[in-house]
Amino acid sequence: MSSIESAGLSAGRVPATLAPIEIARRFSHRRIALVSAALLVLIVVLAFSSDLWLTRDYADQDPLVRNQPPLGDAGLLGTDQLGRDLLARLMFGIRLSVAAAAFGVLVQLAVGVPLGLLAGYRGGWIDSVAMRSVDVMLAVPGLLIALLIGMNIKEQVASGSGAVADVLRSIDRLTAGLTPVFVVLVVFFWVSMARIVRGETRVVMARDFVRAARGLGAGPFRIVVHHVLRNCIAPITVSVALLIPVTMLTEAAMSLVGVGVDPPRPSLGVMIYEGAQQINSFPYQTLVPSITFAAVVLLVGFVGDGLRAALDPTTEQGR
Amino acid sequence: MDDALRIDDLVKEYPIGSGRRRSIVRAVDGVSLRVRRGETLALVGESGSGKTTTALCALALERPTSGEVWIDGREVTGMSPKELRSLRRQAQYIFQDPFASLNPRMSVREIVREPLDIHRVGDSAGRDARVAELLGLVGLAGDAAARSPHQFSGGQRQRIGIARALALSPGLLVCDEPVSALDVSVQAQVINLLMDLQDEHDLAYLFIAHDLAVVRQIAHRVAVMYLGRIVEEGAADEICAKPRHPYTVALMSAAPARPGRGVHRERIVLTGDPPSPIDPPSGCAFHTRCWKAADTCRTVRPPLIELDPGHAVACHFPVRRDTELG
Amino acid sequence: MSANGTIARRVGRTGVVLLVVYAITFVCVRLTPGNPFAARAPRALSPDQQARLERQFGLDDPWPVQFVRYLFRALSGDFGVSYAHQGEDVVDVIVARAWPTMSLVGAALLVGLVVGVPLGVAAALRNDSWFDHLLSGVSTLGVAIPVFVATPVLVIVLSVYAGWLPAQGWDGLISTTAIIPIVVLALEPIAVTARFTRASMIEVLRSDHHRTARARGLARRTVVFRFALRNGLVPVTTITGLQVAGLLGSVVLVESAYNVPGLGKEFLAAITARDYPVVMAATLIFAAVIVVANLLVDVAYARLDPRIRSA
Ligand code: SF4
């Protein structure tokens, strides 16, 4: 091809999107994001393998070593007022956070994405109904409703009768008491993803390459999967990263209020709350889980920012 | 032998607005065309004249309001989705914007292979071989397959689009201004490629254009559209040398004449924009801009009449080349 | 669509949202098994007493009847009697606790704007400077750290170690007790407002309009403050409505963490005590505040944005 040609049209244009390899390269250039991702992996691995390397269980009480400070004889992070090992509790709390985050991601991908694709692809009344529900969901006092739903589920599991309560009870056995949290995640966490994917679908559907695919004889499935979905990967990824902290927060807040995981299982939220009862005498008890929670959320945030910058072709390479 | 494409009295209307202000636009208003095998018919007109809509309806990418479309002797209108799929093997579309018409998330191989995958042509290895063959055919290097479209220039991307359109060996290509988004220096290369491909594969082209220089080079016949109707149709040489409809005359005079061909002509400049298709003028739609317009033109719509063999014009007062403006 | 038509439609939507919230609340509460009286009674209730109490509170009617009856009573300001506060009227329970909550939310919203807007403008004017980058880092922090983490951390630093501020409690908005809750609540509004202001200002500063004004020879100060700020801040109003929704969630947690006797703390207590009338009333009031705030924002936006007004 002539040099004039390659200098011609391509020079002035910015590519609308980036190739996967390019994204990976750009992401790896963002040192903060990369380090954050590595630390997150480390934390998750440590939390889920804690039974292997810890001597004490999160529920083991030991009246002899109550309220021991960190870095003392009673374990790396000390003990709480019942003499339970804070490190073991912290690791279990992280597991719950990860479980909530993973389930939240699942809801977004398994409910939000298909719904957004359907609404965007089909349009019509499906679209109207889905988008009206999204509007309502976004204008609702989320945390309060979440706690209400949590309260309801807790009572159903505890003393409900009938088929629904039975189902909830068996789910509760599987989820180690996190059922209310999971139900709330299902109720709320498809919303923003559906909205984003729906908007993106409409944009992609209007582009020529979708028409081209039609002209080639492509059916709806191929168009949605190969053309629309592939062009939605960037906003989906970013949205997942942005909502992970919110899912963790939901679990922590619900557990802290008593409609999440049951004691003695420790959620980070529960640990912060219980520690705060002794904030004047033993501030480390609330400080340790607080800092852990904030750190994990921040790391996720950094990874999300890195992904967003790496996926956005208009930003220059960052630090 | 059947025509590669025949369009009979095609009408396409779009609803616009909503509620009380809802109304209907006739983008295409009774267009009839035929493209013979191995022939290029250029469809010429300003933007908004309905030429792209006609092309989209021709390949069932839009549903016509009324009228019939025949491809290779098979009626397209009212085909089941399954029949339409098989139609796609006979007729393909090349888009104007080479940046928008290739999925940026696919590799060139995936893009060119897609028609083969959709129609399950051969096995995987066979398809890859065919992709390599097609890329060679359109003049792209073998390593192009593994790259992604944004690594290519506009002209190269248009070649990729052509390779994709050729994958199923169609007999008809509808080219929607395939070079108008490209640099002038590149346009000729792509046009030459299209002409070579036509010779080698006996392709028929419905070639949409507004650039008459390109039309002169590639077209066998020309149809001129104005506000959803065909106003003049005939052999390319004749239309270019002796246009009869005032609108065509104006278009031709605006286009730079080929050096060494024809005589010096007075330039006729069209003033104003084409009228809105929402509220088209009565009678001859061109009367608002026509220098020959008379009272009749404002009330009576001129029919498309064959003045010379193979040369039809829709005008009450066709231009006579020898006496006027010569 | 006229501005008035748009606003009328928004008002309609507000009603729908409130109805949905009411329905969710009603379903959650009515479908919760267990008996609110049994939990509170000193001795086991006889079936007789049980039935009498249920009749007294109208709990023996079919639920559609209850659904409509409660709705109409609520609309006329009658939310029934609290189970937990010994027969106190729910409205009284709520009014007594509304002030701390609303003043905290209002103050946090104000702080968010007063601090966030200048930060955003400064970052936009020094786009890509160290200040800009620092701000974006800090605002990531502000958004990321949940209030139930920020509260104990601030308490430890400012109360337990420094001893400057009380570790909990409430003496009214104009007192040292209000500082920590307001700061904690304002973190996210500050971060979000600053980010949004920055993005919006950068867009305005890049616009042709703005360049023309500069080219006419107006001083940069004049241009920024007269023109850019006014245009750049219009979109900021839209996120303020969303802030209210977020703040009303956060304030529940802050109140309980800092022991502020407000609506949020009462809501949590009511959840724990299964005090259904209070739960329902509090949820509805929070929902009403959110939708009204969004409505006000819509109206303000329609007033401020010339494109919508003239359309
Ligand atoms: S019919 Fe009349 S107005 Fe129309 S082109 Fe011919 S002369 Fe002009």
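Residues numbered from 1 in each chain as written. Chains lettered and ligands numbered in written order. Predicted model: local features only at pLDDT ≥ 70, side-chain atom pairs only at ≥ 80, totals over all residues. Heavy atoms only, no water.

S.K.: An account of the overall build of chain B is needed here, citing residue identities and associated values.
M.R.: A count of helices and strands for chain B gives ten helices and twelve strands. Viewed in the frame of its principal axes, chain B has a C-alpha envelope of about 65 × 55 × 40 Å. Long-range pairs, those at least 24 residues apart, make up 65% of the contacts in chain B between residues at least 6 apart in sequence. When the accessible area of chain B is evaluated, it comes to approximately 14,100 Å², of which 49% is carbon and sulfur surface. (Helix = DSSP H or I, 4+ residues; strand = E, 2+ residues; numbered from the N terminus. Contact = heavy atoms within 4.5 Å. Areas by Shrake-Rupley, 256 points an atom, 1.4 Å probe, with all protein chains shown as cover.)

S.K.: Explain the domain arrangement of chain B to me, using residue names and the numbers behind them.
M.R.: Residues and elements named next belong to chain B. Taken as a whole, chain B is organised into domain 1 (3-90 + 170-324) and domain 2 (102-168). For domain 1 and domain 2, the distance between their C-alpha centres works out to 30 Å. Each partner contributes residues to the interface: domain 1 has 16 residues there, and domain 2 has 14 residues. Regarding the contact of domain 1 and domain 2, the summed buried area is about 1,300 Å², with carbon and sulfur atoms giving 68% of it. The tally of links between domain 1 and domain 2 comes to zero salt bridges. Where domain 1 meets domain 2, there are two residue pairs in polar contact (both at pLDDT 80 or more). Taken together, the residues that form the side of domain 1 that touches domain 2 break down as ten nonpolar, two polar and four charged. (Domains from an automatic or database assignment. Buried area = accessible area lost by both parts, 1.4 Å probe. Salt bridge = Lys/Arg side-chain N within 4 Å of Asp/Glu carboxyl O. Polar contact = N/O pair within 3.5 Å; in protein donor to acceptor, adjacent residues only side chain to side chain. Nonpolar A, V, L, I, M, F, W, Y, C, P; charged D, E, K, R; others polar.)

S.K.: Could you give an account of the site of the ligand, naming the residues involved and the relevant values?
M.R.: Cys 284, Cys 290, Cys 297, Cys 315 and His 316 of chain B are the nearest of the 13 residues found near the ligand. Per-class residue counts for the shell around the ligand are nine nonpolar, three polar and one charged. (Near = heavy atom within 4 Å.)

S.K.: Please provide a residue-by-residue account of the sheet that holds strand E4 (residues 66-71) of chain B, values included.
M.R.: Residues and elements named next belong to chain B. Spatial strand order, E2-E1-E4-E5: four strands in an open sheet with antiparallel pairing. Taken across any chain shown, the strands that pair with only one partner, and hence form the sheet edges, are strand E2 (23-35) and strand E5 (74-75). The sheet strands contacting helix H1 (residues 51-58) are strand E1 (5-16), E2 and E4, and the helix crosses E1 at an angle near 115°. (Pairing = 2+ DSSP bridges. Axes fitted to C-alpha atoms, helices over the stretch in contact; angles between N-to-C directions.)

S.K.: Before we move on, could you go through the side chain of Gln 198 of chain B and cite the residues and values that matter?
M.R.: When you line up the elements, Gln 198 of chain B lands in helix H6 (residues 184-201). Those residues in contact with Gln 198 of chain B, other than ones at most four positions away along the chain, are Gly 38, Glu 39, Thr 40, Leu 203, Ala 204, Tyr 205 and His 220 of chain B.

S.K.: If you had to explain the interface of chain C and chain A to someone new, which residues and values would you point to?
M.R.: Facing the 46 residues of chain C at the interface are 40 residues of chain A. Summing both sides of the interface, chain C and chain A together bury roughly 3,700 Å²; the carbon and sulfur share of this comes to 80%. Inspection of the region where chain C meets chain A yields zero salt bridges. Among the elements of the structure, helix H1 (3-30), helix H6 (130-144), helix H7 (147-161), helix H10 (220-258), helix H11 (263-273) and helix H12 (276-304) of chain C are those that each provide at least two residues to the side of chain C that touches chain A. A total of nine residues in the side of chain C that touches chain A trace back to one element, the largest contributor, which is H1 of chain C. By residue class, the composition of the side of chain C that touches chain A is 35 nonpolar, eight polar and three charged.

S.K.: Any chance you could break down the environment of Gly 120 of chain A for me, citing the residues and the numbers?
M.R.: Residue and element names in this part refer to chain A. With respect to the helices, strands and loops of the structure, Gly 120 is situated in helix H5 (residues 86-122). With relative accessibility at 5%, the residue Gly 120 sits in the buried group. Distance from Gly 120 to Met 151, taken between C-alpha atoms, is 35 Å for residues 31 residues apart in sequence. Setting aside anything within four residues of it in sequence, one finds Gly 120 in contact with Arg 198, Thr 201 and Arg 202. (Buried < 20%, exposed > 50% of the residue type's maximum accessible area, 1.4 Å probe, protein only.)

S.K.: Please give an account of the UniProt feature "domain: ABC transmembrane type-1" (unreviewed entry) in chain A that cites residues and values.
M.R.: Within the UniProt annotation, "domain: ABC transmembrane type-1" (unreviewed entry) is assigned to residues 94-304 of chain A. Between the end C-alpha atoms of residues 94-304 of chain A the distance is 19 Å, and the span holds 83% helix and 0% strand. (UniProt positions renumbered as here; feature names shortened; annotations may be inferred.)

S.K.: Describe the sheet that holds strand E11 (residues 305-308) of chain B, with residues and values.
M.R.: Residue and element names in this part refer to chain B. Taking strand neighbours across the sheet as the criterion, the eight strands line up as E6-E7-E8-E3-E9-E10-E12-E11 in an open arrangement whose pairing is mixed. Where the open sheet ends on each side, the last strands, each with one partner, are strand E6 (91-94) and E11. Each neighbouring strand pair of the sheet contributes to a mean axis angle of 20°, computed without reference to strand direction. Where strand E9 (residues 221-226) lies against strand E10 (residues 229-235), six bridges are found, and the strand directions are antiparallel. Bridging from a neighbouring strand, Met 225 pairs with Ile 230 of E10. Set on the sheet, H1 makes contact with strand E3 (40-44), E6, strand E7 (172-176), strand E8 (204-209) and E9; between it and E8 the angle comes to about 150°. Contacting E6 and E7, helix H5 (residues 154-166) crosses the sheet at an angle of about 170° to E6.

S.K.: Pulling in residues and values, what's your account of the nonpolar core?
M.R.: Counting 151 residues, the largest nonpolar core has Leu 147, Phe 188 and Phe 293 of chain A together with Phe 148, Val 251 and Phe 267 of chain C as the members making the most contacts within it. Considering every element that reaches this core, the biggest residue donor is H5 of chain A, with 15 residues. Non-local contacts of Val 251 of chain C, meaning those with residues more than four positions away in its chain, are made with Thr 101, Leu 104, Val 105, Leu 185 and Phe 286 of chain C. By size, the runner-up hydrophobic cluster in this structure holds 59 residues, among which are Val 215, Leu 227, Val 231 and Cys 284 of chain B. (Core = buried A, V, L, I, M, F, W, Y, C linked by side-chain atoms within 4.5 Å.)

S.K.: Before we move on, could you go through a negative patch on the surface and cite the residues and values that matter?
M.R.: There is a patch of like negative charges on the surface, built from Asp 78, Glu 88, Asp 89 and Asp 92 of chain C. Along the chain, the position of Glu 88 of chain C falls in the loop between helix H4 (63-75) and helix H5 (90-125). (Patch = residues over 30% accessible without salt bridge, like charges linked within 9 Å, V, L, I, M, F, W, Y side chains within 5 Å. Lys, Arg positive; Asp, Glu negative; His and termini not counted. Charge placed at Lys NZ, Arg CZ, Asp CG, Glu CD.)

S.K.: Quick one: what's the story with the pairing of E6 of chain B, residue by residue and with numbers?
M.R.: All names here are of chain B. Side chains of E6 alternate between two faces, with Ala 91 and Tyr 93 and Gln 92 and Ile 94 buried alike. Sheet topology note: the E6/E7 ladder contains four bridges and is parallel. Across the sheet, residue Ile 94 finds its bridge partner in E7, namely Cys 175.

S.K.: Just give me the short version of the pattern of salt bridges, but keep the residues and values in it.
M.R.: All chains considered together, the criterion is met by 30 salt bridges over all chains. A salt bridge links Asp 127 of chain A to Arg 198 of chain A, with the nearest nitrogen and oxygen atoms 2.8 Å apart. Placement of Asp 127 of chain A in helix H6 (residues 124-138) and of Arg 198 of chain A in helix H10 (residues 191-205) is noted, with a sequence separation of 71 residues between them. Judged by its relative accessible area of 7%, Asp 127 of chain A falls in the buried class. Taking the shortest distance from any N to any O, the salt bridge between Asp 117 of chain B and Arg 127 of chain B comes out at 2.7 Å. Of this pair, Asp 117 of chain B sits in helix H3 (residues 108-118) while Arg 127 of chain B is found in helix H4 (residues 124-137), placing the two residues ten residues apart along the sequence. Here the two residues Asp 117 of chain B and Arg 127 of chain B agree in accessibility, since each one is buried.

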